[in-house]
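Remarks on the overall topology
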Amino acid sequence: MTLTGRKVRPGWAQLVRSLLEAGVLAPRWAEVFAAVDRARFLPPVMWPYDMEARTSAGSDRESDVEQWYRFVDANVPITTQWDDGQHDGTAPGRVPTSSASAPSVVAAMLRDLDVHDTVKVLEIGTGTGWNAALLASRLGDRQVTSVEVDPAVAAAAAAAVHAAGLHPTLIVADGLLGHPPAAPYDRVIATMAVRSIPWAWVQQTAPAGVIVAPWGTHYSHADAVVRLVVADDHSRAEGRFTRPVEFMKARKHRLIRAPHAAYVPDGDVAAAADCVTTTELTAADLADPAFAFAAGLLIGRDGVSVKDRQGASVSFWLYGITDRSWAAAVLHDAQPTSTVYQGGPRRLWNELEAAHGWWTDAARPEVRRFGLTVSADGEEAWIDSPRHPMPGTPPGIVEKAEVVA
C-alpha cells in the first residue's frame, strides 16, 4: 500500500487492508488510517492485551523491536498507563488507566460518528493522541478539539500528534465538562466509558449532532457503544447501542464501593447470611456478555458483580453499592443447582434471577436492540423503541455542569 508516493509500513498496511476487507473500516477512512500509523503514538514500553487469556504482558521496543511492532500491527488494545501513572517497570500494574483501543474498535466508532468534511468534532479523552490525529488528518486541524484529564498523558499525546505534523486543539481539562469555549460541536466522541452521559455534552452539541460514547453500568465490564442524536430543540439526545465493547472508565465514573469486609465482616458467608436458597442459574448463563449488559440495565445502577473461575466452578458475588446487600454462590459446571447465600436489605440474587428471566422471555436480546434517551432530568434505557423502557429501573441521573458560554 502506498500513499501519495510514500510507502506505508508493511505490517500496518496489512492491518489496514484487513479492516477494510472485513467492512469494519469505512473506505473514506482507509487512506487516513494508512497515513496515520499508530506506531507513532505508542510508548516504547506498552502492555498489549491478550483477548483470549484476558491478561496483559509488557513489550519493550528496545529489547525486542520486532515483537513491539507485531503488537502495534495486531488488532488488540494496548495499555499505555497503569495506576494513573504511579507505576514503573515492564510488569503490568494494578489498574489500567490509559490505552490505545483495538484498531477495529477505533474504526467502528469513527464510522458511527459519520463525519463529513465540514463538521467540528470534540473528542473526550485524548489518550495516545492517535484518534485525534486520525480526525485532524481527515477533517483538518481547526475542526478538531480533544480534551485529556491527565497532564502527563496529554503531554505525550501532544508530542506525538505534533511530530506527525498535525495541530488540532489539545486541552488539559476534565472532559466530562466538555469544552464550552469552542461549542457547539457537530460531533462528540468519547474514548473512555461513562456510567451516564454528561448533560454538558448534549448542551454543547448542535441540533441533529451526534454523540458516540462507550456506556455501561457498574454491574460488569460489559459496555456498549451508544450513538445518540441531539434533538432539534435540545430537549434530549437519543439513539441505539451499536456494538459491545469494554473500555476503561472515566476517572470520576470508576466504581467506589465498600470493601468486602463491610458486607461479610467475619468472612463466614453462611453465618452472615439471613437467606439461603438454591438457584438454577449456571456459570454459562451469567458469563454471556449479552446478558451481562442487560442485567446491568436492570440492576446495575445499584449492583456490581464479581466472579472468579477456579477449574470447573465459578465463585459469583453480588454487592449493593448504596447499601450493604450481598449475595454469593459457587456455580459448578457439572451441577444443575447451586446454593445461594444472601444478606442485607435487598435480595440481589432474586433480582438477578428476575433479570435473567426477563432477558430469556425477550428472546435473549443482543446490545443492538437496546437504546438510551438522555434528557436534563436523567437517562432511560429502552428495548427496540423509546416507547418500551426497561422495566423496574428508575432513570439514571445525568451529570449536570454549569456551562459558561
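Source: prediction; values computed, not measured. (Residues numbered from 1 in each chain as written. Predicted model: local features only at pLDDT ≥ 70, side-chain atom pairs only at ≥ 80, totals over all residues. Heavy atoms only, no water.)

What follows deals with the environment of Leu113. The residue Leu113 is located in helix 4 (residues 103–113) in this model. In sequence terms Leu113 and Arg61 are 52 residues apart; their C-alpha atoms lie 33 Å from each other. Contacts of Leu113, omitting those with residues within four sequence positions, involve Val121, Leu135, Arg187, Val188, Ile189, Val210, Val212 and Arg227. (Helix = DSSP H or I, 4+ residues; strand = E, 2+ residues; numbered from the N terminus. Contact = heavy atoms within 4.5 Å.)

This part is about the environment of Leu318. Along the chain, Leu318 turns up in strand 17 (residues 313–320). A relative accessible area of 2% places Leu318 in the buried class. Sequence separation between Leu318 and Val24 is 294 residues, and the spatial gap between their C-alpha atoms is 36 Å. (Buried < 20%, exposed > 50% of the residue type's maximum accessible area, 1.4 Å probe, protein only.)

With that settled, the discussion passes to the packing of helix 1 (residues 10–21) against helix 2 (residues 27–35). It is the contact of helix 1 with helix 2, at a shortest axis distance of 10 Å, that shows an interaxial angle of 170°. The orientation of helix 1 relative to helix 2 falls into the category roughly antiparallel. Contact residues: Trp12, Val16 and Leu20 in helix 1; Pro27, Ala30, Phe33 and Ala34 in helix 2. Classifying every residue of the contact of helix 1 with helix 2 gives seven nonpolar, no polar and no charged. (Axes fitted to C-alpha atoms, helices over the stretch in contact; angles between N-to-C directions. Parallel < 35°, antiparallel > 145°, perpendicular 65-115°, else oblique. Nonpolar A, V, L, I, M, F, W, Y, C, P; charged D, E, K, R; others polar.)

The next subject is the pairing of strand 13 (residues 223–230). For strand 13, the tally of buried residues reaches six of eight residues, placing the bulk of the element in the interior. Here strand 12 (residues 205–215) pairs with strand 13 via six bridges, running antiparallel. Across the sheet, residue Val212 finds its bridge partner in strand 13, namely Arg227. Direction of pairing for strand 13 relative to strand 14 (residues 236–245): antiparallel, over a ladder of six bridges. What sits directly across from Asp223, in strand 14, is Val245. Joining the antiparallel neighbours strand 13 and strand 14 is a turn of five residues, in which His234 adopts a positive phi near 60°. (Pairing = 2+ DSSP bridges.)

Evaluated as defined, the whole model comprises 17 salt bridges. Linking Asp73 and Arg9 is a salt bridge whose minimum nitrogen-to-oxygen distance equals 2.7 Å. Taken together, the residues span a long stretch of sequence, with Asp73 in the loop between helix 3 (65–72) and strand 6 (78–82) and Arg9 in the loop between strand 2 (6–7) and helix 1 at a distance of 64 residues. We classify Asp73 as buried; its relative accessible area is 16%. You can call Arg9 partly exposed: its relative accessible area is 23%. Of the charged contacts, one joins Asp384 and Arg369 as a salt bridge, the two residues approaching to 2.8 Å between their closest N and O atoms. Remark: Arg369 occurs in the loop between helix 12 (348–361) and strand 20 (370–375) and Asp384 occurs in the segment after strand 21 (378–383); sequence separation between them is 15 residues. Accessibility expressed as a relative area gives 33% for Asp384, which makes it partly exposed. In this structure, a network of salt bridges that share partners links the residues Asp84, Asp150, Arg251 and Arg254. (Salt bridge = Lys/Arg side-chain N within 4 Å of Asp/Glu carboxyl O.)

Right, let's talk about the confidence of the model for the protein chain for a bit. Put simply, the protein chain has an average pLDDT of 92, and 95% of its residues get 70 or more. Overall, residues 1–5 carries pLDDT values under 50, and its contacts beyond four positions in sequence, including any with other chains, amount to 11 contacts. pLDDT under 50 marks residues 394–405. Its contacts with residues more than four places away, or in other chains, come to 30 contacts. (pLDDT = per-residue confidence, 0-100.)

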